Amino acid sequence: MKKASNIIRNIQVFVKKLIGIFANSHSSKKQKSNKGISKELQSLADTLGTTTGELFALSKKADSCYKEIRIPKRSNGFRIIHSPNGKLKKVQKKILQNIISKAETSPYAMAYKKGKNLKDNAAPHINHLYLLKMDISDFFSSITFHQVLSSAFPSTLFPTQCGVILTSLCTKDGVLPQGAPTSPALSNLVMKSFDEHIGFWCNERGIVYTRYCDDLTFSADYPLVVLSYKIEDMLNRWGFQVNKKKTKYIFFSSRQTVTGLCVNKKVSIPSDYKKTLRQDVYYALKFGLEDSMKYGKKNDFFENGKWDTARYKCHLIGKVNYILQIEPENKWFQAAKENLSKSFDTHCNS
């Protein structure tokens, strides 16, 4: 860990020096050879809705433009989110919209893509005898400045000056921050070569592969134990570590789930999830939101000495919408959505 932190610090120092050199050369009117690059830089600033000077300044101090948020995990510990301030987030959204979103990603990547959802990730694995699930530890923070620069803003597409600045605006302390609007899409670009290499290898052997963020899923009609060692070795070479506690081999006779969805015979929501939600909806409609929260001990919705009925109603509707996204023909939950909307006059953000 100490060695890794030293490497990250060295990257930070190098990047700041590099940006400083670019800034100095940009400001010097005597450097005629920089005219071409300056035009590219001006074009980049225009695309991002800012000036070249503001672009340099923001890229130099980007590491300090985040607020750390700790979200408790269901298990022990916290999930660390780094939320960029308004100015940096605005620029990052421009980078996402005008640059990153134009790049092609691997067909094996199912998360953070328009028109793709959990069902698309699960559907390819229907009706296979064997299922292998693996998870990458600390996914976003394992993606380095160099990986982002070479995968998303390579010198073949961007002048080095622009590529370094863009990467600096999208990374924090030498890695990809979980919480920046650019990070999800950038992670897909970084993983593209891995996805395509593994996907091609699996296709030749009758193995189905998909990736949803840090969740890797493989299915076939023969055992996949040996495959897990190959994947772990490849991930290590790419700079990632496998969370071995989450590696699972599931046979067809057991309930096979992919990112929370059953895939034994068709894509469906697990029956226990639907049973619990049916009960919560029934009590809310019969006894009212506040009483159903009290007696159901929904303590997560008790704040400042009172029950947050508006948030709980939106929570229920959100879960119902999730089921209908996966099972649009489900009559019970179609009616539940309609009855919740009619019974409680609360607006939910979509």
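For the structure, check the block above.
Residues numbered from 1 in each chain as written. Predicted model: local features only at pLDDT ≥ 70, side-chain atom pairs only at ≥ 80, totals over all residues. Heavy atoms only, no water.

K.L.:
Honestly, helix 10 (residues 225-237) in this entry has me stumped. Any pointers?
P.N.:
Since the α-helix advances by 3.6 residues per turn, residues separated by three or four positions end up pointing in the same direction. Within helix 10 the residues assigned to the buried category are Leu227, Ser228, Ile231, Glu232, Met234 and Leu235. Down the axis, helix 10 shows its buried residues gathered within 165° of arc, on one side only. Residues of helix 10 that are exposed and angled more than 90 degrees away from the buried face: Val226, Tyr229 and Arg237. Where helix 10 is buried, its residues contact strand 3 (130-135), helix 9 (192-203), strand 5 (215-220) and strand 6 (248-251). (Buried < 20%, exposed > 50% of the residue type's maximum accessible area, 1.4 Å probe, protein only. Helix = DSSP H or I, 4+ residues; strand = E, 2+ residues; numbered from the N terminus. Arc of directions from axis to C-beta. Contact = heavy atoms within 4.5 Å.)

K.L.:
I'm lost on the sheet that holds strand 6 in this one. Help?
P.N.:
Hydrogen bonds between backbone groups are what pair the strands of a sheet, and the pairing can be parallel or antiparallel. Strand order across the open sheet formed by 4 strands is 4-5-3-6, with antiparallel pairing between neighbours. The open sheet is flanked by strand 4 (208-212) and strand 6, the only strands paired with a single partner. Averaged over all pairs of adjacent strands, the angle between strand axes in this sheet comes to 15°, irrespective of strand direction. Two elements, strand 3 and strand 6, share 4 bridges in a ladder whose sense is antiparallel. Paired with lysine 133 across the two strands is lysine 248, which belongs to strand 6. Strands in contact with helix 9 are strand 4 and strand 5; relative to strand 4, the strand with the most contacts, it is inclined by about 160°. (Pairing = 2+ DSSP bridges. Axes fitted to C-alpha atoms, helices over the stretch in contact; angles between N-to-C directions.)

K.L.:
Sorry if this is basic, but what is going on with the nonpolar core here?
P.N.:
Generally speaking, a soluble globular protein has its nonpolar side chains buried in company with each other. The biggest cluster of nonpolar side chains holds 54 residues, and the ones touching the most others in it are Phe153 and Phe218. Sort the elements by how many residues they give to this core and helix 7 (residues 160-170) lands first, with 5 residues. With 26 residues, the next largest nonpolar core counts Leu277, Ile317, Phe333 and Ala336 among its residues. (Core = buried A, V, L, I, M, F, W, Y, C linked by side-chain atoms within 4.5 Å.)

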